[in-house]
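# Descriptive analysis of the structure
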Amino acid sequence: MTDLLSRLLPKRSTTDRKSPRERTWKHLSPLLRLLILTQLAFNVGFYAVLPFLAEHLGTAIGMAGWLVGFILGLRTFSQQGLFVVGGWLVDRYGVRPVVLVGCVLRIAGFAWLGFAEATWAVIGSVLLIGFAAALFSPAVESEVARQAVVWEEDGHGSRIRVLALLSAAGQAGAFVGPLLGALLLAVDFRTACLAGAGVFVLVLAGHVWLMPQHIPGRVRVRDRGGLRVLLRNRRFLALCCAYGSYLLAYNQLYLALPDEVERAAGSQAPLSWLFALSSLLVVCAQLPVTRWAGDRLDLRRSMTGGLLLIAAGFAVVAARPAGWTGLTGLLPAAGYVVLLTVGQMLVVPATRAWVPDLAEEGRIGLYTGALSSVSGLIVLVGSSATGSLLDLGLPSAVPWLVLAAVPALAVALLPRAPEPAAR
């Protein structure tokens, strides 16, 4: 425990020759460090299981493609769609209790999924897993966003650097998670689920010990009416829809990409390496990309560039010649992963940095949750449609061209003229 505390507390440095990531980390408060490390641990446990869920449902359980797509979309909706509930609870009861309850539910959900075979049991466990994240994720993300604003006001630099570090930590977990899951799948899917539950047991214990009962500056909101104001905030709702198009695109890593890898390579074995490529790119390049974009682009232009890169990634796969198989056939899929990931590095921190300036005073949890709820609804509908599209037997390029149009058209939804303070 002493080692853990020493990592969370600032250390004195005898040199200024540090990377931007190290310089940012050096000035973070202990609370921000805890929250960012929490994001890392969340994703290790989550991604040890999720990338392999579609294959498990389709192969081991024998579900139809539309049902697999629906369940994956339902998992995303129960998580992203219910973020607004989790965000409201965070504003009302505080960060600590919401995170602790979320961890308990995630442990139960992963354990249940490991033993679930009937459709109702799979759906129940997936809903529990999703709702758990709907509790702890808005708690962590909204508090990091709030603390990032304080960090910026204290003169340490743009808030977007802190939010980029949160993204990099999450992707570091997403890098380790699939590799851990691939190793555990050598035993069976149940073992991977139980290992994921074990990670959340450790997260739960860490937060019981280290998370403060009350966070200075965080005021609990008791009155009602925040949702009505939110629903009249057109700029915020436009941002939600644009972000939802990104999330739908990202969800294709688990739905459309496995089919493409199967066609190109004859198996899904290379899938974990493509997930690792995506995560490694974010870990290594998120802060440099954020710094570059911050010097040249406002938040709207950053999101526009990211969405267009994502659209280009889908188009690359659509253009794969039918004769390309094996390692060559995987190149378009790798191109899609790279373009999607670079687009993500532009879209996600910019969106999170924008939310505090659009949110009502004292309701950043609600607005952080609503951002994910609207996008989760888009993913639920879009994933079911994509699963059906993949089952129709159309030329393989058609679904990818349809998917390419979604983020490209979403550029028109972005709100105009972001506030200068969001930079």
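Residues numbered from 1 in each chain as written. Predicted model: local features only at pLDDT ≥ 70, side-chain atom pairs only at ≥ 80, totals over all residues. Heavy atoms only, no water.

### Topic: the overall build of the protein
From N to C terminus, the protein includes 19 helices and zero strands. Burial status across the protein gives 55% buried among its 423 residues. Taking the intrachain contacts of the protein between residues at least 6 apart in sequence as the baseline, contacts between residues at least 24 apart amount to 84%. Entry remark: accessible area of the protein is about 17300 Å², with carbon and sulfur atoms responsible for 65%. (Helix = DSSP H or I, 4+ residues; strand = E, 2+ residues; numbered from the N terminus. Buried < 20%, exposed > 50% of the residue type's maximum accessible area, 1.4 Å probe, protein only. Contact = heavy atoms within 4.5 Å. Areas by Shrake-Rupley, 256 points an atom, 1.4 Å probe, with all protein chains shown as cover.)

### Observations regarding the pattern of salt bridges
Counting across every chain of the model gives four salt bridges. In this structure, the salt-bridge partner of glutamate 360 is arginine 363, at a minimum N-O distance of 3.4 Å. A relative accessible area of 29% means that glutamate 360 is categorised as partly exposed. Judged by its relative accessible area of 4%, arginine 363 falls in the buried class. (Salt bridge = Lys/Arg side-chain N within 4 Å of Asp/Glu carboxyl O.)

### Some thoughts on the packing of helix H15 (residues 299–318) against helix H17 (residues 331–358)
The interhelical angle for the contact between H15 and H17, taken along N-to-C directions, is 160°, at an axis separation of 8 Å. As judged from the angle between their axes, H15 and H17 are roughly antiparallel. In the crossing of H15 with H17, the sense of the turn from one axis to the other is left-handed. (Axes fitted to C-alpha atoms, helices over the stretch in contact; angles between N-to-C directions. Parallel < 35°, antiparallel > 145°, perpendicular 65-115°, else oblique. Left-handed = near helix turned anticlockwise from the far one by under 90°.)

### A look at the side chain of glutamine 344
With respect to the helices, strands and loops of the structure, glutamine 344 is situated in helix H17. The class of glutamine 344 is buried, set by a relative accessible area of 6%.

### A look at the packing of aromatic side chains
One pair of aromatic rings is described through two measures. These are the centre distance and the angle between the planes. Evaluated as defined, the whole model comprises twelve aromatic pairs. The interplanar angle of 35° and the centroid separation of 4.1 Å between the aromatic rings of phenylalanine 42 and phenylalanine 136 together place this pair among those described as tilted. Remark: phenylalanine 136 occurs in helix H8 (residues 119–153) and phenylalanine 42 occurs in helix H3 (residues 30–47); sequence separation between them is 94 residues. Accessibility assignment for this pair places phenylalanine 42 and phenylalanine 136 in one class, buried. With centroids separated by 5.4 Å and ring planes inclined at 50°, the aromatic side chains of tyrosine 243 and tyrosine 246 adopt a geometry described as tilted. Of the two residues, tyrosine 243 and tyrosine 246 both sit in helix H12 (residues 234–251), three residues apart, roughly one turn of that helix. Accessibility assignment for this pair places tyrosine 243 and tyrosine 246 in one class, buried. (Phe/Tyr/Trp six-rings, centres within 6.5 Å; stacked < 30°, edge-to-face > 60°.)

### Let's talk about the nonpolar core
By size, the foremost hydrophobic cluster in this structure holds 115 residues, and its most contacted members are Phe236, Tyr246, Leu253, Leu257 and Tyr336. It is H8 that provides the largest number of residues to this core, a total of 14 residues. Once residues lying within four places of it in the same chain are set aside, the contact partners of leucine 253 are Pro258, Phe275, Tyr336, Val337 and Leu340. Counting residues in hydrophobic clusters, the runner-up holds five residues, among them Val282, Val289, Met345 and Leu346. (Core = buried A, V, L, I, M, F, W, Y, C linked by side-chain atoms within 4.5 Å.)

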